[in-house]
Each structure stands twice: as C-alpha cells, then as structure tokens.
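Analysis of the macromolecular model
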Amino acid sequence: MAGGLLDRRLVFVTGKGGVGKTTVAAALATLGAQHGKRTLVCDIDAKGDLARFFETDPVGFDPRVVQPNLELMSMDTEASLKEYLSLQLKLPLLARLGPLARTFDWVATAAPGVKEILTVGKLAWEVREGHYDLVVVDAPATGHIVGQLSAPQGINELVHVGLVREQTGWMIDLLGDAATTGVVIVAAPEEMPVTETLELIERLRSETVVDLAAIVVNRVLPELFGRGEEELFERLCEPEGVAALTEATGGPVEPVLDAARLAVTLRRTRAGHLGRLRDNVDAHLPLLYVPYLFTRTHGLRATHQVAEALGAELGF
Amino acid sequence: MARSSQKRPGTIEQLLAAKEIVVTCGSGGVGKTTTAAALGTMAAVHLGGKVLVLTVDPARRLANAMGMEEFGNVEHRVDAAAFGAAGIEPRGELWAAMLDTKASWDDLVRRHAPDDATRDAILENPLYQNVTGKFVQSHDYIAMERLYEIHHTGAYDLIVVDTPPTRNALDFLEAPDRMAEFFSSRFLRLLIAPYRSRLVNMASRPFYQIADRILGSKFLEDIAEFFILFQSMYDGFVERARAVTRVLEDRRTTFVVVSTLEAAPVREAEFFMEALSGKKLHLGALVLNKVLPDYLLDEQATAVARTMAGEPSRVAAGLPDALGDEKSRERVVAEVGESFLNFQVVAKREAEQRAELAVAPDVVASVPYFDTDIFDLAGLARLGEQLWS
C-alpha cells in the first residue's frame, strides 16, 4: 500500500542527479513530521542542499530541530566513527590519539565500505534505538546507493572478525526488514532517469537486502488538452485560425501557439518514458506522481508543495 | 543569442580548433555526456581530423548510435553509414569509446606490475577488486588516467571527454594528486610495517590495538598484502599521476562547464568556474543547456496570453465555428494562454539565473530545450549546430 510508505521507519531516497531527489526527501520528512512522527532527515552528500529546502543554516552531525517534530542532520563519517567508538568501546585512549582525520581518511579510503558502513550504521542505530519514528535519508545518487546499502554484506566478506563484523549482523536484519526499511527512487519522466531507475531496481534486488518501497515520478507536466481538443488546437494553428486569433486578441499569437506546441511535445515525449517505466515495474509497486512546479523549485514553499502532492498520492 | 557579445567574441569552433583536449564538467543531469558527444561530432564534421569522444555513462540509445555498447573500453570509429543516415558528410573521423573503470584499472596494473606473479596477485586480490569496483574516487582517477594514456598515443587531433558523475564536481581534478598521496602516505608505511618486520615501534602500538579491535587482524593483513604488492608499482604510479596533472594543466587542454539554468546546477557551475580559475586551468566555455526559448519573455505575446487566459469566452467567440464547438474553443484558448504564462515563469527564472552568473568565460553557448530526446548522430548534429553558431 502506498500509504504504508511512511509507516516504515528508515527510508532512503535516491535517484539520478538533477531529478529532485533532495526535494522529495525534504517533502517526505515534512509529511512525516506533519503527521506527528518524530522525524529525522539526513543529508549524506554534505553539500548543504537539504538545509536550503528548509531555508535554514547548514547543519552538522548533531541534529537540529528545523520544524516541530522534524530534525535535520548532515552525515559526517568521521564524527560517526568517534560517536561509535565512544559509545561502544569506551576508549579513553581515543583522546590521546589526537585528531583522527588523516588516519581515518586513509583507512576509509583503503578499506572500501568503511565510510558506507559508518553512514548506514549511524542511521540504522538511530532507528534501532527508537530515537525517531521516521528517518528519511537524502541518499547518494543512483550510481552510489547500492554500494551504500550493500556495505554491511561487503564488510562481512572482507572482515571476518572484530567489532565491525559484530555490528553488521543486526544492520543487515534491520535493512532487510521490509516493514522497517525501504528505498524510494525519484525519477523524472525522461530517458536517462527512467533507464537508471530500471537498472537500479534490478541491482537493489540482486545486490542488497533492502525493499523498494515506491517510485516518485517528479516533474510531471500537466496534460494540456482533453479529448478532441488537440485536433482543435491543430486547426487553430493553421493560417485561418491564426488570423482569427490575432484579430480576437490584438497581438502576436505565434509565440503563444509555439509555446503550447512545445508543452504538448514535451508532455508527449515524457509520456513515452513514463509508459516505459510503468510497463517495466511490478504492478504492485506504488508510483507517486508529483507535478512540475512552474512557480518555485527550491525553498520551503517548494518543499511544502511537493509534500502536499505526495500526501495526496499517499491518501492522506 | 548564441554567445555573449560584450567580450571579445570567441566561438566554440575556435576553441575546438585550438585545443587538443576538451573536458566537459558540471553537475548530474545537465547533459554533460550529450554535450561532449555533440562537440566531438561537430569537430569531426567541420574541422576534420581524428576526433575521439571518451564518455563515461552514455544513454543507451546514444551509446548504440555511436557503437559504444559493442566496443566498450576499446576505441572504435563511428561508422560512416551512421553519418550517411543522418545526411551528414564529415570532413574528419569520429571515434568513440566508453570508459570501463574495471578494465582500465586492470590495464594499468598490467602496465606497471614489475613481473607476472605480482600482476596476477594484484588482479586476484579481493581488496583490489573492491577498491577498483566500488571506491568512488577510483572512477575519477581512472578517467583522467585513460585520458592521459590516449592523448599520449598521439592518435587523435582532439579528444573530448566527459567527467564521471561525482558528488563533488571537482573530485576528478584532485584525483591524480590524491592517488599519488595515497600511495606515498606515511600512514600506509606505518600500517604495513609490522607485516614487513617483527619490530613495531612502541609509540605506535596503541594504534594497532585499536585497528585490530575494530577491523580484526586478518583484514589488516589483507590490506597490508595488497599494499605491499601495490608498492612495487609505486614509482610508476606516482610519476604517472603527476603526468596526468600536467596534461590537465597544459594550455592545450580546456574545460567546458555545462549547466542548465536551474538554481542548483548554476550554483555548482559557478563554484566550478571559480575553482578552475583558482587552479589556473583553462575555462574554455560555458554551455547553458535546455534553455527555454526567448519568445516566452516577449511582452506583446504575454499580453496575448493574458487575454486568452483571462477572457477565453470572448476570444473563443471570435474564432470560426469550423474549429469546434464553442465550449471546446474556450477551453483550448484558456489552456494555451495559461500554458504560455506557466512556462514564462520558468523562463523568467532562467533569465534571472543567467544574469546572476558572475564569472562567465569568453564563450557562452546556449542550447534550446529540445522537445525530443537526442539519441542519434542527426540529433547530436542538431544540438551541435546550436553550439557552433
């Protein structure tokens, strides 16, 4: 059920660059908070884009309340490691090691999956400890999300003993529980975003334990004309129609007709990609449609508009 | 509208004629790959010579059109028949290759490994496979490495390369340096020291204890083995990374920043252009992609659209009955007017973004919003002509 999306407790939002992944993450978190869930929304790329959607200052690893019920944080793997070590190991030694930065950078670079496990681990831990009802993650783009979500298994293959290994078991359980964790893929109805979405669905299935919760189709253009009206429009574009319209409006009508034609063709091209998406996904998978926002693409207003559209799609 | 007229006019044509390497960059989804392919196509068509398009992740239909799917990492010439089908007769040759990270890394190891045993040990090491396959920066590095390799063969007059989709558009520029630093790290030597000799410095003991508790000693051994193997290639590697950096800094290399006129990509493009000039790299052009047509800002047309949206029944009454019944005429008139006004809002926002682009290079090219996808040479040529003029 589509409405069940926000009943999950850990939601990763991904998608090809430029499709509005961050907007959708911000909107889902807003919806959750509006419905009384203690919500955490987390920026992984640390570019600070998420903060812009709440029109707030950049935030660090420590969550900050940005709206009632809604906290925002930015992932910092080094801070995550420090938190983990101080919580789990109670290592006083740590202080004497001084800044971990260089060492950490090196280990994280050398040992693939370390950064990913610290990211996923921190988020899964917040969920397991019940600190929040809902954790929404503005996750890496389609190219990198699988590496992130499969990190616990990857670590299992490489590291056979030690503290890290002990942690991966419960993470895999939590990530693999479809009632708890889900991925939302954001797609725009264009060629590459649809292609990448279909490829990602396959990779999620074969390489991770995480369930695909929904696909959000963003920037759907409105249908301009109803039944029979497009033919009428075509006739309007012929010389007689143009002449009559010019007479009736008293100005240059060609640009206005050209713009309508552009809108119609754009919509049609996109409908083709949308159809390809629909035909190739499981019929039970919720597809949530968000209309193209002509007015704003950024900021709090856009977040709320997208939240409203998603809320309607989810049956709220 | 194809370029800024205030400054000394330059064109994409002059730029491509003068340079040997063109690197396109920008944030995800702005059309980097398509722009790179279009630039390469135009160079082959108009300037002649041997032109290579090296791309990371092309759309499938585009890759097919250029024969990339079939050849992958291997450079191959785009079939003359494909040009013929598009009604184009190129003066030169267009070549294409897709970047396969894994295969390129394997090539690199084969080239630098001191002997066959080391080579095989590295290629089979699970850590190596993980690093090359999953480690994000390895894509950045290998793209630049391969660019260097191909340029060094002297086989092409022009190489157009697009950059991998990275979290930070600058990553690939720093990749060669970081890779060199990575392999010369003191920490690396520290880490693998105990596996080379039994003597471990007392001062570093706490470090091993922690590392051991977190990761387990078996894993540390794996890491050590991997890097001991890799160290045999160290000199070749570092020298190579420096050479790659030199090529990027060379005046024969230019960077083309691609962006749409949406807020986030523009912000990233600005950041990128500043960073390029900070690094003394040559910023050749800014390509503004998917730009809405100018006519959306026309004042008289706006008045017409307002009339249509505001008084659809009056306008519809003045239209011939032959078009359709009055109710339908009214709806169409209203929709057409409103649609114009809707798109105008976006066009205005784009104009604003464009005005705010503070650092603009000599060449700024705009590409209109094509209403269909670009998936063949004809499409690339259509896009390319917009860049060219």
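Computed from a prediction, not measured in an experiment: that's the story for all the values here.

1. Structural notes on the domain arrangement of chain B
Residues and elements named next belong to chain B.
- Assigned domains within chain B: domain 1 (12-294 + 355-388) and domain 2 (296-353).
- Taken together, the contact between domain 1 and domain 2 spans twelve residues of the former and ten residues of the latter.
- Interface area, domain 1 with domain 2, both sides summed: about 900 Å², of which 49% is carbon and sulfur.
- Taken together, the links from domain 1 to domain 2 amount to zero salt bridges.
- Joining domain 1 to domain 2, the criterion identifies ten residue pairs in polar contact (both at pLDDT 80 or more).
- Among the elements of the structure, α15 (263-278), β7 (283-291) and α18 (326-356) are those that each provide at least two residues to the side of domain 1 that touches domain 2.
- A breakdown of the residues in the side of domain 1 that touches domain 2 according to their chemical character gives eight nonpolar, no polar and four charged.

2. Here we look at helix α6 (residues 101-112) of chain B
All names here are of chain B.
- Between its terminal C-alpha atoms α6 stretches 17 Å, which fits the 16 Å expected from twelve residues at 1.5 Å a residue.
- All of the buried residues along α6 are T101, S104, W105, D106, L108, V109 and H112.
- The N-terminus of α6 is capped by D100, whose side-chain oxygen sits 3.2 Å from the backbone nitrogen of K102.

3. Side note on the nonpolar core
- Ranked by internal contacts, the top residues of the largest apolar core, which has 105 residues, are L10(A), F12(A), L123(A), I215(A), F230(B) and V257(B).
- Counting residues per element, this core draws most heavily on helix α6 (residues 114-128) of chain A, at eight residues.
- Sequence-distant contacts of I215(A), defined by excluding residues within four places in its chain, comprise I185(A), T197(A), I201(A), L277(A), V281(A), L285(A), P286(A), L287(A) and L288(A).

4. Structural notes on the packing of helix α1 (residues 21-34) of chain A against helix α14 (residues 299-313) of chain A
Residue and element names in this part refer to chain A.
- Running from N to C, α1 and α14 cross one another at 70°; their axes reach a closest spacing of 8 Å. In this view, α1 runs roughly perpendicular relative to α14, as classed from their interaxial angle. Crossing of α1 against α14: the hand is right-handed. Listed contacts from α14 to T23, V24, A26, A27, L28, T30, L31 and Q34 of α1 are T303, H304, V306, A307, L310 and G311.
- Along the lines of polarity and charge, the residues of the contact of α1 with α14 split into eight nonpolar, six polar and no charged.

5. Some thoughts on the pattern of salt bridges
- Evaluation of the coordinates by the stated rule reveals 29 salt bridges over all chains.
- With its nearest N and O atoms 2.8 Å apart, the salt bridge here joins D49(A) to R52(A). Of this pair, D49(A) and R52(A) are both found in helix α2 (residues 49-53), three residues apart, which corresponds to roughly one turn of the helix.
- For R52(A), a relative accessible area of 34% puts it in the partly exposed group.
- Between R252(B) and E20(B) there is a salt bridge, with the nearest N and O atoms lying 3.5 Å from each other. A residue pair is termed long-range when its members are at least 10 positions apart, and R252(B) in the loop between α14 (234-249) and β6 (253-259) and E20(B) in the loop between α1 (12-18) and β1 (21-25) qualify at 232 residues.
- R252(B) gets classed as partly exposed once you look at its relative accessible area, which sits at 38%.

What counts as what
Residues numbered from 1 in each chain as written. Chains lettered and ligands numbered in written order. Predicted model: local features only at pLDDT ≥ 70, side-chain atom pairs only at ≥ 80, totals over all residues. Heavy atoms only, no water. Domains from an automatic or database assignment. Contact = heavy atoms within 4.5 Å. Buried area = accessible area lost by both parts, 1.4 Å probe. Salt bridge = Lys/Arg side-chain N within 4 Å of Asp/Glu carboxyl O. Polar contact = N/O pair within 3.5 Å; in protein donor to acceptor, adjacent residues only side chain to side chain. Helix = DSSP H or I, 4+ residues; strand = E, 2+ residues; numbered from the N terminus. Nonpolar A, V, L, I, M, F, W, Y, C, P; charged D, E, K, R; others polar. Expected span 1.5 Å × (residues − 1). Buried < 20%, exposed > 50% of the residue type's maximum accessible area, 1.4 Å probe, protein only. Core = buried A, V, L, I, M, F, W, Y, C linked by side-chain atoms within 4.5 Å. Axes fitted to C-alpha atoms, helices over the stretch in contact; angles between N-to-C directions. Parallel < 35°, antiparallel > 145°, perpendicular 65-115°, else oblique. Left-handed = near helix turned anticlockwise from the far one by under 90°.

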